[in-house]
Amino acid sequence: MTALNITTDGPHGHVARVTLNRPEVRNAFNAELIAELTAAFTELGQRGDLRAIVLAAEGKAFCAGADLNWMKAMAGYSWDENHADATKLADMLWAIWSCPVPVIARVQGDVYAGGVGLVACADIVVAVDTAGFCLSEAKLGLLPATIGPYVVKALGEQASRRYFVTAERFAADEARRLGLVHEVVAADALDAKVDELAAAITANGPAAVRACKQLVKDVASREITPALRDDTARRIADIRASAEGREGVQSFLGKRKPGWLAG
């Protein structure tokens, strides 16, 4: 059994689904899964035909963090071995975060430790109402270091202060209130909501969607300076002058579907 399943669907094959496939260990990380996730998002991000990626999981839990056997092996690592190992996890998170294709996390169950990092790296998060979240590292005398930058961005600084140090479990509704999760639904509505969001993304201009994702990352937390204002003006000029931008405006004015919806 592979640690990861990758399929492509949607009306024109524009949606990829990356599914964690270790349900027997609650989809916990090990070296194999980390390597496969890194390779998958690196490769999918290079595909110009993709419009969205759904990150999902098999079984009752979305991701329980680190695999116990992997943790046992790490217990005997030297500092250099721990650093090399942690770097691979950091690289995996970066591959997801930096992927130019929008990522929707389909959270069908509990999310612990490093799994919260996976969720935080997604652009849109849909969770079942029974899912629980826990940054449990401190219970083991550890800290959520590699996932920290992404979790703090998604969860917020003040909430991160609390949940990093208490390692409390919090519910899906609280995760939504804090901004980590966008939609909370019943289990039988999960796929419909994920498909609805994927369809909304694929209906938009492909290049525009990627540019929108990059825009948020580039302007978040930056001071609004003359240089930033000029940068944003240049971005809209670039896309207005592009073939996709011209097609989008012309199709709107002509009351017809844009060309990207046909292919």
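Note that residues are indexed from 1 along each chain, following the sequence as it is written. The model is predicted, so local features are restricted to residues of pLDDT at least 70 and side-chain atom pairs to those at 80 or more, both for listing and for counting; the totals for chains, interfaces and linings are taken over all residues. With hydrogens and water excluded, all non-hydrogen atoms of the structure serve as input to the side-chain values.

*Asks:* I would appreciate a short explanation of the overall build of the protein in the present structure.
*Replies:* Secondary structure counts use DSSP, requiring at least four H or I residues in a row for a helix and at least two E residues in a row for a strand, with both numbered from the N terminus. When helices and strands are counted, the protein shows eleven helices and nine strands. With respect to the principal axes defined by its C-alpha atoms, the protein has extents near 65 × 45 × 35 Å. Looking at the 263 residues of the protein, the share that counts as buried comes to 44%. In what follows, residue pairs with any heavy atoms lying within 4.5 Å of each other are defined as contacts. Expressed as a percentage of contacts within the protein between residues at least 6 apart in sequence, the contacts between residues at least 24 apart total 68%. Here, Shrake-Rupley sampling with a 1.4 Å probe gives the accessible areas, and only protein chains in the shown set may cover a residue. About 13500 Å² of surface is accessible on the protein, with carbon and sulfur atoms providing 57% of the total. Computing the positive centroid from 29 side-chain charges and the negative centroid from 32, the protein places the two 6 Å apart. Partly exposed residues are those whose accessible area sits between 20% and 50% of the maximum for their type, while under 20% is buried and over 50% is exposed, using a 1.4 Å probe and protein chains only. Neither His nor the chain ends is counted toward charge; the positive residues are Lys and Arg and the negative residues Asp and Glu. Where a charge sits is defined by one atom per residue type, namely NZ (Lys), CZ (Arg), CG (Asp) or CD (Glu).

*Asks:* Any chance you could explain the pattern of salt bridges here in plain terms?
*Replies:* Side-chain pairs of opposite charge can arise where the charged atoms are in close proximity. The term salt bridge refers to a side-chain nitrogen of Lys or Arg lying within 4 Å of a carboxyl oxygen of Asp or Glu. Taken as a whole, this structure holds 16 salt bridges when the rule is applied. The salt bridge involving arginine 106 is made with aspartate 191; its shortest N-O contact spans 2.6 Å. One end of the pair, arginine 106, is in strand S4 (residues 103–107); the other, aspartate 191, is in helix H8 (residues 190–202), with 85 residues separating them in the sequence. Arginine 106 gets classed as buried once you look at its relative accessible area, which sits at 17%. Across the salt bridge formed by glutamate 168 and arginine 162, the nearest N and O atoms sit 2.7 Å from each other. Within this structure, Arg26, Asp110 and Arg169 form a network of salt bridges that share partners.

*Asks:* What is the right way to read helix H11 (residues 243–253) from this model?
*Replies:* Each full turn of the α-helix corresponds to 3.6 residues, which orients residues three or four apart in the same direction. Those residues of H11 not exposed but buried are Glu244, Gly245, Glu247, Gly248 and Ser251. All buried residues of H11 project into a common sector of 165° when viewed along the axis, lining one side. Every exposed residue of H11 that faces more than 90 degrees away from the buried side is listed here: Ala243 and Leu253. Buried residues along H11 sit against helix H9 (206–219) and helix H10 (226–241). Immediately downstream of H11, the backbone of lysine 255 shows phi near 55°, a positive value. In this description, the arc belongs to the directions extending from the helix axis to the C-beta atoms.

Everything listed here is a matter of geometry and, on its own, says nothing about what the molecule does.
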